[in-house]
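As a plain string of letters, each chain reads:
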Amino acid sequence: MTAIETIRKNRWRYLSLVLGFFLFVGPFAIIARMINTATGNMASPTLHTLCYRMPVDWLFGGRWYALIGSVAAAFIIGVIILAFFMGPVFCGWLCPVGSVSEGVSRATPLPDRFRLRIRDPQVTKGLRYGFFAGFIAVSVIVGYKIASISSVCCRYCTSSVLQNMADGLTGQMSAVAYWHSGSLVTLFSWLVIGGIFMSGGRGWCLFFCPLGVLSNLSHTAGKKLGLYRMSYNADKCLDCTHCQVTCPTWAIAPDKSVDSHLCITCQECTNSCPQGSYEYGRS
Amino acid sequence: MPVLRGKERRGLWAFVIAGATTPLALVIPASCGAACGGCPVAGGCFAVPALVVGMVALRFRLQEIGSRILDVVRQ
């Protein structure tokens with residue numbers, strides 16, 4: 001499939017991802033702006049208002065009381081509930097962090113042989129949950145003061161990096177002071193390793209996003225109850241492997257089944273399959 | 001005791017290596033301040049996520065290549 005054809009077939013998702021940038025990233029941050037206006041909060045709305053990571057860090061670090069009344073916690077719970085019923089549509093259709101790395105990956109003319117793609121979803125899943133277990137371990141170490149280190153949750157935050165990049169581009173000089181080694185590591189892991197050098201550009205989402213992991217766990221539970229998910233019909237399949245090549249999260253196994261622990265319901269497989277083997281719906 | 005099949009064992013192995021590496025990747029550079037030059041790890045933390053994913057990919061790629069060679073030899 002040519003690039004133009006891919007864009008045409010997935011135009012609604014790409015438009016939605018562009019919309020996601022304006023909905024969540026400051027200075028636009030339309031959703032955070034609406035929440036701040038409704039709650040009388042005078043702070044400037046940014047992506048940080050709806051942080052993906054801090055509530056997870058609080059929960060496992062023994063600061064669960066911070067979740068009460070937190071807009072970010074309510075947002076995360078909303079995304080997880082949505083994933084339970086509809087699949088991780090936030091990840092696939094709205095998340096600005098994922099859309100930027102996916103966009104960078106697609107826009108970089110690097111041959112596929114130089115990009116990493118793990119073909120076995122079991123291995124990808126193992127790495128994903130392993131890194132998540134590590135994230136929890138660090139939250140526990142920091143939260144319960146087992147070692148005297150400062151919190152690393154915000155130090156490796158792609159949302160912060162993206163927000164400060166947007167701030168810098170819109171002329172806010174405070175963004176210049178933000179950059180430190182942690183943010184540079186994050187930028188490099190997110191856009192270079194996870195974006196350009198991983199097929200599909202969703203490396204950060206796959207391995208380091210705690211909200212992505214929680215969304216997919218919720219989606220897997222919902223799938224078991226027969227709620228919305230991607231399903232595969234082997235009878236129609238011609239074994240052309242277009243679906244495996246286009247899937248940005250490597251969720252399609254060698255037998256072409258869709259792994260709900262990795263799928264973000266982006267429907268690239270549905271749109272790339274010439275036979276219509278993939279469908280999004282309830283069983 | 002449950003017996004793990006090959007692909008489950010691969011997944012478990014990936015889980016263990018990632019789970020064991022993440023705290024190191026997060027904790028080691030946590031107090032290094034603004035300059036990688038001042039840290040004994042000397043910016044090595046940049047390479048940790050890539051190394052972990054790369055090691056796992058390489059391990060299974062080598063296994064795949066090895067089994068293909070064995071298939072050819074057997075034929």
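Rules and cut-offs
- Residues numbered from 1 in each chain as written.
- Chains lettered and ligands numbered in written order.
- Predicted model: local features only at pLDDT ≥ 70, side-chain atom pairs only at ≥ 80, totals over all residues.
- Helix = DSSP H or I, 4+ residues; strand = E, 2+ residues; numbered from the N terminus.
- Rg over C-alpha atoms; globule rule 2.2 N^0.38 Å.
- Buried ≥ 20, exposed ≤ 12 C-beta atoms within 10 Å, placed from the backbone.
- Contact = placed C-beta atoms within 7 Å.
- Expected span 1.5 Å × (residues − 1).
- Arc of directions from axis to C-beta.
- Axes fitted to C-alpha atoms, helices over the stretch in contact; angles between N-to-C directions.
- Parallel < 35°, antiparallel > 145°, perpendicular 65-115°, else oblique.
- Left-handed = near helix turned anticlockwise from the far one by under 90°.
- Nonpolar A, V, L, I, M, F, W, Y, C, P; charged D, E, K, R; others polar.
- pLDDT = per-residue confidence, 0-100.

### Some remarks on the overall build of chain A
Looking only at helices and strands, one finds 14 helices and two strands in chain A. On C-alpha atoms alone, chain A measures out to a radius of gyration of 19 Å, which is about the 19 Å that the 2.2 N^0.38 rule sets for 283 residues. Along the longest, intermediate and shortest principal axes, the C-alpha atoms of chain A span 55 × 40 × 40 Å. The proportion of buried residues among the 283 residues of chain A is 49%. Restricting the contact set of chain A to residue pairs at least 6 apart, pairs at least 24 apart contribute 70%.

### Focus on the overall build of chain B
Looking only at helices and strands, chain B features two helices and zero strands. When burial is assessed residue by residue, chain B has 21% of its 75 residues classed as buried.

### Notes on helix H2 (residues 11-24) of chain A
Residues and elements named next belong to chain A. Under the 1.5 Å per step criterion, the end-to-end length of H2 is 20 Å for 14 residues, consistent within 8% with the ideal 20 Å. Of all the positions in H2, only Leu17, Gly20, Phe21 and Phe24 are classed as buried. When H2 is viewed along its axis, its buried side chains cluster within an angular range of 100° and face the same direction. Set apart from the buried face of H2 by more than 90 degrees, the exposed residues are Arg11, Trp12, Leu15 and Phe22.

### Here's the deal with unusual backbone geometry
Residue and element names in this part refer to chain A. For threonine 265, which is not a glycine, the phi torsion comes out positive at approximately 45°. For threonine 265, a count of 27 C-beta atoms within 10 Å gives the class buried. The phi dihedral of glutamine 267 falls on the positive side, at around 65°, and the residue is not glycine. Here glutamine 267 shows up in the loop between helix H13 (242-246) and helix H14 (268-272). Take glutamine 267: there are 21 C-beta atoms within 10 Å of it, and that puts it in the buried class.

### Here's the deal with the environment of phenylalanine 207 of chain A
Mapping phenylalanine 207 of chain A onto the fold places it in helix H11 (residues 203-208). Sequence separation between phenylalanine 207 of chain A and phenylalanine 132 of chain A is 75 residues, and the spatial gap between their C-alpha atoms is 7.6 Å. Ignoring anything within four residues of it in the chain, the contact list for phenylalanine 207 of chain A reads Leu127, Arg128 and Phe131 of chain A together with Val53 of chain B.

### Section: the packing of helix H7 (residues 96-107) of chain A against helix H10 (residues 181-196) of chain A
Residue and element names in this part refer to chain A. In the contact formed by H7 and H10, the axes pass within 9 Å of each other and the chain directions differ by 55°. On the basis of the axis angle, H7 is oblique to H10. The element H7 and its partner H10 pack so that their crossing is right-handed. For the pair H7 and H10, the contacting residues are Ser101, Val104 and Ser105 in the first and Trp190, Leu191, Gly194, Gly195 and Ile196 in the second. When grouped by side-chain class, the residues that make up the contact of H7 with H10 number four nonpolar, four polar and no charged.

### A look at the confidence of the model for chain A
Overall, the prediction assigns chain A a mean pLDDT of 88, with 98% of residues at 70 or greater. Taken element by element, chain A is modelled with least confidence in H10 of chain A, mean pLDDT 84, and with most confidence in helix H12 (residues 210-224) of chain A, mean pLDDT 95.

### Details of H7 of chain A
Compared with the 16 Å implied by 1.5 Å per residue over 12 residues, the 16 Å span of H7 of chain A between its first and last C-alpha is a close match. Buried residues along H7 of chain A sit in contact with H2, helix H6 (89-94), helix H9 (158-169), H10 and H11 of chain A.

### Quick word on the environment of leucine 214 of chain A
Residue and element names in this part refer to chain A. On the secondary structure map, leucine 214 appears in helix H12. Of the residues examined, leucine 214 has 20 C-beta atoms within 10 Å and is grouped as buried. C-alpha separation for the pair leucine 214 and isoleucine 76, spaced 138 residues apart in sequence, amounts to 9.2 Å.

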